[in-house]
Amino acid sequence: MAAGTAGSGSAPSVTLDDVRRAQKTLTSVSRTTALEGSRHLSSLVGSPVLFKCENLQRTGSFKLRGAYARIAGLSAGERSRGVVAASAGNHAQGVALAASLLGVASTVFMPVGAPLPKVAATREYGARVRLHGQVVDETLHAAQAYAEETGAVFIHPFDHPDVVAGQGTVGLEIVEQCPEVRTIVVGVGGGGLAAGIAVAAKAVRPEVRVVGVQAEGAAAYPPSLAAGHPVALEQVSTMADGIKVGRPGGVPFALVEEYVDEVRTVSENDLSSALLLCLERAKLVVEPAGASPVAALLHDPRGFEGPVVAVLSGGNVDPLVLQRTLRHGMAAAGRYLSLRLRLTDRPGALAALLRKLSEVDANVLDVGHTRTDPRLGLDEAEVEVHLETKGPEHCVDVASSLRAAGYRVVS
C-alpha cells in the first residue's frame, strides 16, 4: 500500500482512499474497539460523551494498526531483510505482533529503563529486543544505525504515510459507530493518530471538529503550528510517555495543520485526575497518554460541542507508574490532605488529635511527630498528618474543624 503524495516537493499526503485501503488490510487483524458512554462526563459536558476504547485493542493500543499497515505494504525483498523499530512500549508491541503475523523478522530497540512488562510483552509477540540508551532519542538513533548496517526496514512510529493511514482507521470506525459525532478529542505526540483520524473523519463528515491534546511539558505542536513547520523542544517532561515527543513528524504535521481544528494542552494534575476518573467511573485501565482527551474534557467541560468521542489511545501502563499516578490523581482531586499542626507537648495530646480526626471522618494514612526542633517552644510538639479525605469540601471542613477545636494549623 502506498499513500498518496501531495504536490512536488511537499510532504507525502494521506487520503480517505489510503485509509480505506488500510482498513481492508487490517480486516481480521485489528479489533473494531467499542464506544462506551460516560454518564459522569456527559453530565459535565452537557451532551453525550463516549470513549473510543483503543486501550482494549490488541497489544493494548492503536499502534498495531499503523505498524501492520506499514509492514504489509513492504515488498517481498524488503520483508526478507526484516524490520527494526525503536520504542519504550506501545509501538514496540505493535511492530512485534504485526511482523509476527506477516512472517517478518523484527528487532526492537528499547531504552534500558523500559518497564519490564512492556519488554516481556514485546518479546512474547515475537521480536528480538535490544536494550540501548537511557532515553528514546538514544534508542531511536541506535535503531536507525542498525537499519543502515543490516538493511532492515526502519518502521517509524508516526512519520510515514502508511502508518498515518493505518491509524486513520480509528477515525473511520468512530464515524461509523457514532454518525452524529460533533467533536473527536485525541491525544497528540508525534501526530500520527490525530492526523489519520482527522483525514478520515473529515472526509466522511466535514463538519466534525477534531481537537488534539498535548501534555504541557511535551507540547511541540503549538509552537510548530505557529511557526508553520515542525519545531523541536529543548526538553520534554511528562508522565504521559505515549505522547512524550519533542518534535512533530513531517508527514503528520502537514495533515494536522490542514485538518485538526485545535491543539490544547493539559497539566500533569489534569492527566492524573483523568486517569483516576477512567479507573473509578468507567472501570477502564488507561495509560496517562490515553487519558489526555479525558483530561481536556475535565479541564474545560463546556468547551466541546457534543456528542463528543474521546479516544482512549492505550492502556499499557506499568503497575508502579499506575500506583504513583493514582496517588497524584487523588491528591489533585482533593482526596488527600497533608497538615502540620503545633500541639502542647503533654501526654495524650496526640491521641486527642487522632480522636478529633476520627470525629470528622478523616482517615489517617501517616503521622510524623517532632518534639525536638529549634523552631519549637519548650512545651510544643509538631505533628504532620497525611489524611485520606472525601474531596475538596471535606478537606476544608477538616481543617476548619481542627482550628475550631483550638489546634494551630501551620500548613
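I will try to describe carefully the structure that is included in this document. Starting afresh in each chain, residues are numbered from 1 along the sequence in its written order. Since the coordinates come from a predicted model, pLDDT governs what is reported: local features require at least 70, and pairs of side-chain atoms require 80 or more to be given and counted, while whole-chain, interface and lining totals use all residues. Note: side-chain values were computed over all heavy atoms of the structure, leaving out hydrogens and water.

**A closer look at the overall build of the protein**
Phase 1: The helix count covers DSSP runs of H or I at least four residues long, the strand count covers runs of E at least two residues long, and both are numbered beginning at the N terminus. On a plain count of helices and strands, the protein comes out with 16 helices and 14 strands.
Phase 2: Taken over the C-alpha atoms alone, the protein extends approximately 80 × 45 × 40 Å along its principal axes.
Phase 3: Restricting to contacts in the protein with at least 6 residues of sequence separation, those with at least 24 account for 71%.
Phase 4: For every accessible area listed, the method is Shrake-Rupley and the probe measures 1.4 Å; residues are considered covered only by the protein chains on display. Here the protein has roughly 17600 Å² of accessible surface; of this, 50% comes from carbon and sulfur atoms.
Phase 5: Under the convention used here, Asp and Glu are negative, Lys and Arg are positive, and both His and the chain ends fall outside the count. Throughout, a charge is located at the NZ atom of Lys, the CZ atom of Arg, the CG atom of Asp or the CD atom of Glu. Each charge sign in the protein was given a centre, from 39 positive and 42 negative side chains, and these centres are 4 Å apart. We call two residues in contact when some of their heavy atoms are within 4.5 Å.

**Focus on the pattern of salt bridges**
Phase 1: Here, a salt bridge means any side-chain nitrogen of Lys or Arg that lies within 4 Å of a carboxyl oxygen of Asp or Glu. On inspection of all chains with the given rule, the structure shows twelve salt bridges.
Phase 2: Salt-bridge contacts for Glu 359 lead to Lys 356; the nearest nitrogen and oxygen are separated by 3.7 Å. Taken together, the residues span about one helical turn, with Glu 359 and Lys 356 both in helix α15 (residues 349–359) at a distance of three residues.
Phase 3: Burial classes: relative accessible area under 20% of the type maximum marks a residue as buried, over 50% as exposed, and values in between as partly exposed (1.4 Å probe, protein chains only). A residue is classified by how much of its surface remains accessible, and Glu 359, at 60% relative accessible area, is exposed.
Phase 4: Among the ionic contacts, a cluster of salt bridges with common partners joins Lys 52, Glu 54, Arg 65 and Glu 173.

**Concerning the sheet that holds strand β8 (residues 209–215)**
In a beta sheet, neighbouring strands are held together by backbone hydrogen bonds and run either parallel or antiparallel to one another.
Phase 1: Strand pairing requires that DSSP identify at least two bridges connecting the strands. Judged by pairing direction, the sheet is mixed, and its six strands sit side by side in the order β1-β2-β10-β7-β8-β9 without closing on themselves. The open sheet has two free edges, formed respectively by β1 (35–37) and β9 (262–266), since each of these has just one partner strand. Pairs of neighbouring strands in the sheet enclose a mean axial angle of 25°, with direction left out of account.
Phase 2: Pairing of β1 with strand β2 (residues 49–53), which is carried by three bridges, proceeds in the antiparallel orientation. Opposite Leu 35, over in β2, you have Lys 52 as the bridge partner. A fitted line through C-alpha atoms represents every axis, and for helices the fit uses only the stretch in contact; the resulting angles, taken between N-to-C directions, go from 0 to 180 degrees.

**What to know about the sheet that holds strand β3 (residues 83–86)**
Phase 1: Pairing in this open sheet of four strands is parallel, and the strands run β5-β4-β3-β6 from one edge to the other. This sheet does not close on itself; its edge strands, each paired only once, are β5 (128–131) and β6 (153–154).

**Notes on the side chain of Gln 167**
Phase 1: Mapped onto the fold, Gln 167 is located in helix α8 (residues 161–177).
Phase 2: For Gln 167, the contacting residues outside a window of four places in its chain are Phe 62, Lys 63, Arg 65, Gly 66, Pro 157, Gly 192, Leu 193 and Ile 197.

**Describing the packing of helix α1 (residues 16–25) against α8**
Phase 1: It is the contact of α1 with α8, at a shortest axis distance of 8 Å, that shows an interaxial angle of 90°. Judged by the angle between their axes, α1 and α8 are roughly perpendicular. Listed contacts from α8 to Leu 16, Asp 18, Val 19, Arg 20, Ala 22 and Gln 23 of α1 are Ala 165, Gly 166, Gly 168, Thr 169, Leu 172, Glu 173 and Glu 176. In what follows, roughly perpendicular refers to angles from 65 to 115 degrees, roughly parallel to angles under 35, roughly antiparallel to angles over 145, and oblique to any angle outside these ranges.

**Topic: the nonpolar core**
Phase 1: Remark: nonpolar core denotes a set of buried residues (Ala, Val, Leu, Ile, Met, Phe, Trp, Tyr, Cys) joined through side-chain atoms within 4.5 Å. Formed by 37 residues in total, the largest nonpolar core has its most connected members in Val 181, Ile 184 and Val 311.
Phase 2: For this core, the elements supplying multiple residues, two or more each, are α1, α8, β7 (183–187), α9 (192–204), α11 (250–259) and β10 (308–312).
Phase 3: Apart from residues no more than four positions distant in its own chain, Ile 184 is found in contact with Ile 174, Ile 197, Ala 201, Val 208, Arg 209, Val 210, Val 211, Val 309 and Val 311.
Phase 4: Judged by nonpolar contacts, the second largest core, of 35 residues, contains Ala 215, Val 266, Leu 284 and Ala 291.

**Thoughts on the packing of helix α12 (residues 268–281) against helix α13 (residues 292–299)**
Phase 1: Relative to each other, α12 and α13 sit at 105°, their axes nearing to 8 Å. Judged by the angle between their axes, α12 and α13 are roughly perpendicular. Here α12 contributes Asp 270, Leu 271, Ser 273, Ala 274, Leu 277 and Cys 278 to the contact with α13, which in turn contributes Ser 292, Val 294, Ala 295, Leu 298 and His 299.
Phase 2: Each residue gets one of three labels, nonpolar for Ala, Val, Leu, Ile, Met, Phe, Trp, Tyr, Cys and Pro, charged for Asp, Glu, Lys and Arg, and polar for the others, Gly among them. Here the residues of the contact of α12 with α13 are counted per class, giving seven nonpolar, three polar and one charged.

**What about the side chain of Lys 202?**
Phase 1: Checked against the element boundaries, Lys 202 lands in helix α9.
Phase 2: Looking at Lys 202, the relative accessible area reads 14%, which means it is buried.
Phase 3: As used in this structure description, the phrase polar contact means that two N or O atoms lie within 3.5 Å; if the pair is within protein, one of them must be able to donate a hydrogen and the other to accept it, and residues adjacent in sequence are counted only when both atoms belong to side chains. A distance of 3.0 Å separates the side chain of Lys 202 from the side chain of Asp 261, its partner in a polar contact.
Phase 4: Among all residues touching Lys 202, those that are not within four sequence positions of it are Val 208, Arg 209, Val 210, Tyr 259 and Asp 261.

**Quick look at the environment of Ala 289**
Phase 1: Structurally, Ala 289 can be placed in the loop between α12 and α13.
Phase 2: Considered as a pair, Ala 289 and Val 188 are 101 residues apart in the sequence and their alpha carbons are 8.4 Å apart.
Phase 3: What Ala 289 contacts, discounting residues up to four positions off in sequence, is Ala 240, Gly 242, Ile 243 and Ser 313.

**A closer look at the state of the cysteines**
Phase 1: Note on terminology: pairs of cysteine sulfur atoms within 2.5 Å are recorded as disulfides. Throughout the structure, instances matching the rule amount to zero disulfides.
Phase 2: The closest cysteine sulfur to the non-disulfide-bonded Cys 278 is located on Cys 53, 8.9 Å from its own sulfur.

**Description of the packing of aromatic side chains**
Phase 1: In summary, the pairing rule links any two rings of Phe, Tyr or Trp, Trp by its six-membered ring, whose centres are within 6.5 Å, and it sorts them by plane angle into stacked for under 30 degrees, edge-to-face for over 60 and tilted for everything else. Tallied over the full model, the rule gives two aromatic pairs.
Phase 2: Residues Tyr 221 and Phe 253 carry aromatic rings whose centres are separated by 6.0 Å and whose planes lie at 25° to one another, so their mutual orientation is stacked. A residue pair is termed long-range when its members are at least 10 positions apart, and Tyr 221 in helix α10 (residues 221–227) and Phe 253 in helix α11 qualify at 32 residues.
Phase 3: Note on criteria: charge over ring means Lys NZ or Arg CZ within 6 Å of the ring centre, with the direction from the centre no more than 35 degrees off the ring normal. Looking at Arg 264, its charged tip hangs above the ring of Phe 304, at a distance of 4.3 Å from the centre.

**With respect to the pairing of strand β11 (residues 336–344)**
Phase 1: Where β11 and strand β13 (residues 380–388) come together, nine bridges link them in antiparallel fashion. Paired with Leu 341 across the two strands is Val 383, which belongs to β13.
Phase 2: As paired elements, β11 and strand β14 (residues 408–409) share two bridges and run antiparallel to each other. Counted as the bridge partner of Leu 341 is Val 409 from β14.

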